Amino acid sequence: MRTVCISTARPAIASYQLLGVMADSIERALESALVDRCHIGQILVQKTNGGFNLCHRDDQAREDLQTFQNTQGNVDIAKYDDAGNYRPLKTAPNLRHGWRIEVATWEELKCALDYFYPGRLAVFVAWKSGQLGTTSLRQTLNRQSGMYRVAAKISDDQIDNAVGDFCRSDGGCLRTILWKRDQRGTVASTKLPKEKFDPTHDQARALSEPGSPTLPLLCQESCNLLVAECRKVVKAE
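These numbers were taken from a predicted model, which means no experiment stands behind them. Going along each chain's sequence as written, the residues are numbered from 1 onward. This being a predicted model, a pLDDT of at least 70 is required before a residue's local features are given, and a value of 80 or more before pairs of side-chain atoms are given or counted; all residues contribute to the totals for chains, interfaces and linings. Side-chain measures were taken over the full set of non-hydrogen atoms in the model, leaving aside hydrogen atoms and water.

Colleague: In this structure, what is going on with the overall build of the chain? I would like to understand it.
Modeller: In DSSP terms, a helix is any run of H or I states spanning at least four residues, a strand is any run of E spanning at least two, and both are numbered starting from the N terminus. Counting its regular elements, the chain contains seven helices and seven strands. Along the chain, helices and strands appear, N-terminal first, in the series α-β-β-β-β-α-β-α-α-α-α-β-β-α. The buried label goes to any residue with under 20% of its type's maximum accessible area, the exposed label to any with over 50%, and the partly exposed label to all in between, with areas taken from a 1.4 Å probe on protein chains only. The buried share of the chain, taken over its 237 residues, is 46%. Of all intrachain contacts in the chain linking residues separated by at least 6 positions in sequence, the fraction that spans at least 24 positions is 69%. Within the structure as shown, the chain displays about 12,700 Å² of accessible surface, and the carbon and sulfur contribution to it stands at 49%. Working rule for contacts: check all heavy atoms of both residues, and any pair within 4.5 Å makes them a contact. Per-residue and other accessible areas follow the Shrake-Rupley method at a 1.4 Å probe size, with only the shown protein chains counted as cover for residues.

Colleague: Quick question: what am I supposed to make of the environment of Gln-42 here?
Modeller: The residue Gln-42 is located in the loop between β1 (37–40) and β2 (43–48) in this model. Through-space distance from the C-alpha of Gln-42 to that of Thr-91 is 8.8 Å; in sequence the pair is 49 residues apart. Residues within four places of Gln-42 in sequence aside, it is in contact with Cys-55, His-56, Arg-57, Ala-92, Pro-93, Asn-94, Leu-95, Tyr-117, Leu-174 and Ala-204. A distance of 2.9 Å separates the side chain of Gln-42 from the backbone nitrogen of Leu-95, its partner in a polar contact. In the analysis that follows, any N or O atom pair within 3.5 Å is treated as a polar contact, provided that within protein one partner can donate a hydrogen and the other can accept it, and provided that, for residues neighboring in sequence, both atoms belong to side chains.

Colleague: Sorry if this is basic, but what is going on with the environment of Asn-161 here?
Modeller: As for its placement among the helices and strands, Asn-161 is situated in helix α6 (residues 156–166). C-alpha of Asn-161 to C-alpha of Lys-191: the two residues are 30 residues apart in sequence and 6.8 Å apart in space.

Colleague: How do you make sense of the packing of aromatic side chains when you look at a structure like this?
Modeller: Two aromatic rings, taken as a pair, are described by how far apart their centres are and by the angle between their planes. A pair of aromatic rings is counted whenever rings of Phe, Tyr or Trp (Trp by its six-membered ring) have centres within 6.5 Å, and the orientation is called stacked for planes under 30 degrees apart, edge-to-face for over 60 and tilted otherwise. Within this structure, the stated rule accounts for three aromatic pairs. The interplanar angle of 20 degrees and the centroid separation of 5.1 Å between the aromatic rings of Trp-99 and Phe-116 together place this pair among those described as stacked. Of the two residues, Trp-99 sits in strand β5 (residues 99–103) while Phe-116 sits in helix α3 (residues 106–116), which places them 17 residues apart along the sequence. The two residues Trp-99 and Phe-116 agree in class, both being buried. Centre to centre, the rings of Phe-124 and Trp-127 are 6.0 Å apart; their planes meet at 40 degrees, and the pair counts as tilted.

Colleague: What is the right way to read the nonpolar core from this model?
Modeller: One broad rule of soluble globular proteins: the nonpolar side chains tend to lie buried together. Put simply, a nonpolar core is a bunch of buried Ala, Val, Leu, Ile, Met, Phe, Trp, Tyr and Cys residues held in one set by side-chain atoms that sit within 4.5 Å of each other. Counting residues in hydrophobic clusters, the biggest one holds 34 residues, and the most contacted among them are Ile-43, Leu-54 and Leu-109. Of all the secondary-structure elements, those providing two or more residues to this core are α1 (13–33), β1, β2, β3 (51–56), α2 (74–79), β5, α3 and α4 (120–128). Apart from the residues lying within four places of it in its own chain, the contact partners of Ile-43 are Cys-38, Leu-54, Cys-55, Arg-57, Leu-95, Trp-99, Leu-113, Phe-116 and Tyr-117. Residues Leu-141, Ile-154, Ile-159 and Val-163 belong to the second largest nonpolar core, which totals 17 residues.

Colleague: In this structure, what is going on with α3? I would like to understand it.
Modeller: Since there are 3.6 residues in each turn of an α-helix, residues three or four apart along the chain are aligned in direction. The buried fraction of α3 is high, at nine of 11 residues. Listing the buried residues of α3 in full gives Trp-106, Glu-107, Leu-109, Lys-110, Cys-111, Ala-112, Leu-113, Asp-114 and Phe-116.

Colleague: Mind showing me how you'd approach the pattern of salt bridges here?
Modeller: When charged atoms on two side chains of opposite charge get close, those side chains can pair. Should a side-chain nitrogen of Lys or Arg be within 4 Å of a carboxyl oxygen of Asp or Glu, the pair is scored as a salt bridge. In this structure the tally under the stated criterion is 13 salt bridges. For Asp-64, the salt bridge goes to Arg-62, with nearest N and O atoms at 2.9 Å. With a relative accessible area of 53%, Asp-64 lands in the exposed category. The salt bridge partner of Asp-160 is Arg-181, with a shortest N-O separation of 2.9 Å. In this pair, Asp-160 is assigned in helix α6 and Arg-181 in the loop between β6 (176–177) and β7 (218–219), connecting sequence segments 21 residues apart. We note that Asp-160, like Arg-181, is buried. Ionic contacts of the salt-bridge type, sharing partners, join the residues Asp-59, Arg-62 and Asp-64 into one network.

Colleague: Whenever I open this one, α4 confuses me. Can you help?
Modeller: For α4, a buried count of seven out of nine residues is recorded, marking the element as mostly surrounded by other parts of the structure. Of the positions making up α4, those classed as buried are Arg-120, Leu-121, Ala-122, Val-123, Phe-124, Val-125 and Ala-126. Gly-130 occupies a position one or two residues after α4 and carries a positive phi of about 75 degrees.

Colleague: What exactly am I supposed to notice about the confidence of the model for the chain here?
Modeller: A low pLDDT means the predicted coordinates there should not be read in detail. As a per-residue measure, pLDDT tells how confident the predictor is, with possible values from 0 to 100. Per-residue confidence for the chain gives a mean pLDDT of 86; residues scoring 70 or more make up 86%. Overall, residues 1–20 carries pLDDT values under 50, and its contacts beyond four positions in sequence, including any with other chains, amount to 20 contacts.

Structure follows, in C-alpha cells:
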C-alpha cells in the first residue's frame, strides 16, 4: 500500500485519490531535479547506488556526521537548532548541523523532505503545473479574528519594514515570496532584494558555494508567524 506523507488528507475516497496523484507528481518532480544532487533549503540531497543521502548543505565535507537509516530522526533534527532552541518556523535558516539521513526509495525521500519542510514539495508541484493560487497579505490580515484582528490595522509603511525584516533570507525565512502586499499587486516589501521574489534564485546559497540544481521553498501566502508579527507591530504603536 502506498504511504502518502501529506498531513492534510481527508476521509473522502476522492480526496485519497487526489493525494495519490499529488504524491506521484511530487515523486516525478524529485526525479527530474535529482539527476545527481540538488538543494532544497539548507538540505543537500545526493543520489547513491543504494538510494539517497541527505545532510545539511554546510556539512557535505564532514565525516563525523550522526547517521540515521530512516526518517524517524527527522523530527528532532527539524525541531531544534544547533543550540537546542525550538524552531517555530521550519523554513528559517537555522537548521541543525551534524547529521546524515540515508533512505532507499523515492517515497522515503519525499517523506524525509516533508518532515523538514512540511507541504513545500506539494506547493512546488502545484506552482510548476500552474495551479498554485496566492493570497495577498492584506487579504490574510483582513480575515483574522479574535486577538489577531488588530493586525489588519497595520500601515503600508509598517508592512514594508515588518516583512523586510521578518522574511529576509539571511536570518528570517528561506521561502521565495509569491504573494503581494494587497490586491493592487504591490510588492510585499521594498526592503527585500528582487531575488527574494525569484523562484530560480537559491535563497540559502552562500556566495562561496558552487551552484547546484535547487528546488525552491515557495511561499504562496503569509504564515501565521508573520501575522503575529504584524499584530505585534500594531500593538506596539
